[in-house]
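Secondary and tertiary structure notes
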Amino acid sequence: MTIAVIDYGMGNLHSVAKALEHVTHEHVVITRDPRRIQGATRLVLPGQGAIRDCMGELERTELRGLVQELLTRQSKPLLGICVGQQMLLDHSEESGGIPCLGFLAGEVKRFPTDMLDDHGQRLKVPHMGWNLVHQHHEHPLWEGIDQDEHFYFVHSYYVAAQDDACVFGTTRYGHIDAHVAVGRDATFAVQFHPEKSSRAGLKLLENFVNWAP
């Protein structure tokens, strides 16, 4: 088995690769070589920062077409992380509107700046730190992970998917129930950072390595 972390210039590539190496004896590579990506048995699509930059780098490295082809074929498991989750949707509100990959119907929206917590204190945007994830539907990647387990987040934008069947986890921030785990067929994607989420995050990565959709 080879796990390829797709290197289009954005995301915590080495942190993700190290976390994967920690949970498996399989070969983990960071690559932008289309042949190595196509030859891998599992793929990770990371992302960090502005989605405009991520989509731009995916175009610049000439990997957008390959990623869309792999998503269409669904021939191997793919894990999206952070902006790598957001890129799977139709469209993002960021920067006045950014077309995304369109694998899942829905939109990426910005958290309102006027949200309050239960004590009437204004919530910060970006949403940063630990928050619980409610497992909305069962999925093999949740195996061995408690309901309402905590994961680590850093994001100002959140996914709002159209199809409830594609939503596997939610996190409440203010009055928003963000869709922080989404997927379809052999693709699963999360807004949180499993590589920074201690035991639960490593367990999710282990489940991904062992997943046979």
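Residues numbered from 1 in each chain as written. Predicted model: local features only at pLDDT ≥ 70, side-chain atom pairs only at ≥ 80, totals over all residues. Heavy atoms only, no water.

**A few points about the overall build of the chain**
Basically, it comes down to this: Strands are runs of DSSP state E lasting at least two residues, helices are runs of H or I lasting at least four, and both sets are numbered from the N terminus onward. Note on exposure labels: buried denotes an accessible area under 20% of the residue type's maximum, exposed denotes more than 50%, and partly exposed covers the range between, all computed with a 1.4 Å probe on protein chains only. Charge assignment in this entry is limited to Lys and Arg as positive and Asp and Glu as negative, and neither His nor the chain termini are counted. By convention, charge coordinates are those of NZ in Lys, CZ in Arg, CG in Asp, or CD in Glu.
Scanning the chain from terminus to terminus reveals six helices and 13 strands. Each principal axis of the C-alpha distribution contributes one length, and for the chain these read about 50 × 40 × 30 Å. Per-residue burial over the chain gives 54% buried out of 213 residues. Charge-centre separation for the chain: the mean point of 19 positive side chains lies 6 Å from the mean point of 27 negative side chains.

**What about the packing of helix 1 (residues 13-23) against helix 6 (residues 198-210)?**
Our working rule: Here, axes are lines fitted to C-alpha atoms. For helices the fit covers the stretch in contact, and angles between N-to-C directions go from 0 to 180 degrees. Angles are sorted into four bins: roughly parallel if under 35 degrees, roughly antiparallel if over 145, roughly perpendicular if 65 to 115, and oblique for all others. Throughout, a contact is declared for two residues whenever any of their heavy atoms are within 4.5 Å. By the convention adopted, Pro, Cys, Tyr, Trp, Phe, Met, Ile, Leu, Val and Ala count as nonpolar, Lys, Arg, Asp and Glu as charged, and the other residues, Gly among them, as polar.
Closest axis-to-axis distance for the helix 1/helix 6 pair is 9 Å, and the angle between their directions is 70°. Judged by the angle between their axes, helix 1 and helix 6 are roughly perpendicular. Only Leu202, Leu205, Glu206 and Val209 of helix 6 make contact with helix 1, whose side of the interface consists of Ala19, Leu20, His22 and Val23. For the contact of helix 1 with helix 6, the class distribution of residues is six nonpolar, one polar and one charged.

**Things to note about helix 3 (residues 51-60)**
Rule in force here: The arc under discussion is defined with respect to the helix axis, by the directions toward the C-beta atoms.
Looking at helix 3, one finds that the buried residues are Ile51, Cys54, Met55 and Leu58. Seen along its axis, helix 3 keeps its buried residues to an arc of 95°; they face one direction. Those residues of helix 3 that are buried are in contact with helix 4 (64-73), helix 5 (83-86), strand 5 (91-92) and strand 6 (98-99). Of the residues flanking the end of helix 3, it is glutamate 62, one or two places downstream, whose phi is positive at about 60°.

**A closer look at the side chain of serine 156**
With respect to the secondary-structure elements, serine 156 resides in the loop between strand 9 (149-155) and strand 10 (157-161). Not counting residues within four places of it along the chain, the set of residues in contact with serine 156 comprises Lys109, Arg110, Phe111, Val125 and Pro126.

**A short note on the packing of aromatic side chains**
The condition is simple: In this analysis, rings of Phe, Tyr and Trp, with Trp reduced to its six-membered ring, are considered paired at centre separations within 6.5 Å, and the interplanar angle assigns stacked below 30 degrees, edge-to-face beyond 60, and tilted for intermediate values.
Scanning all chains against the criterion turns up eight aromatic pairs. A ring pair is formed by phenylalanine 111 and tyrosine 173, whose centres lie 5.4 Å apart and whose planes are at 70°; its orientation type is edge-to-face. With a gap of 62 residues between them, phenylalanine 111 in the loop between strand 7 (106-110) and strand 8 (127-135) and tyrosine 173 in strand 11 (residues 167-173) connect regions that are remote in the sequence. By relative accessible area, which is 2% here, phenylalanine 111 ends up buried. For tyrosine 173, a relative accessible area of 11% gives the class buried.

**Quick look at the side chain of histidine 139**
Quick note on the threshold: Polar contact is defined as a pair of N or O atoms within 3.5 Å, subject to the rule that within protein one atom must be able to donate a hydrogen and the other to accept it, and that residues adjacent in sequence are counted only when both atoms are side-chain atoms.
One can find histidine 139 in the loop between strand 8 and strand 9. In this structure histidine 139 comes out as buried when scored by relative accessible area, which is 13%. A polar contact is formed between the side chain of histidine 139 and the backbone nitrogen of leucine 141, at a distance of 3.0 Å. Those residues in contact with histidine 139 that lie beyond four places of it in its chain are Phe168, Phe188 and Trp211.

**As for the sheet that holds strand 5**
Definition in use: Whether two strands pair depends on DSSP finding at least two bridges between them.
Strand order in this open sheet of four strands is 6-5-7-10, and the pairing throughout is mixed. Edge strands, defined here as strands with exactly one partner in the open sheet, are strand 6 and strand 10. Of the strand pairs in this sheet, strand 5 and strand 6 are connected by two bridges, and their pairing is antiparallel. Looking at strand 6, one finds that serine 92 is bridged to isoleucine 98.

**What to know about the pairing of strand 11**
Sheet faces and side chains relate simply in a regular strand, where the side chains alternate between the two faces. The element strand 11 is extensively covered by neighbouring structure, given that six of its seven residues are classed as buried. Pairing of strand 11 with strand 12 (residues 176-184) involves six bridges; the strand directions are antiparallel. Bridging across to strand 12, glycine 169 finds its partner in alanine 181. What sits between the antiparallel neighbours strand 11 and strand 12 is a turn of two residues, in which glycine 174 has the positive phi angle 65°.

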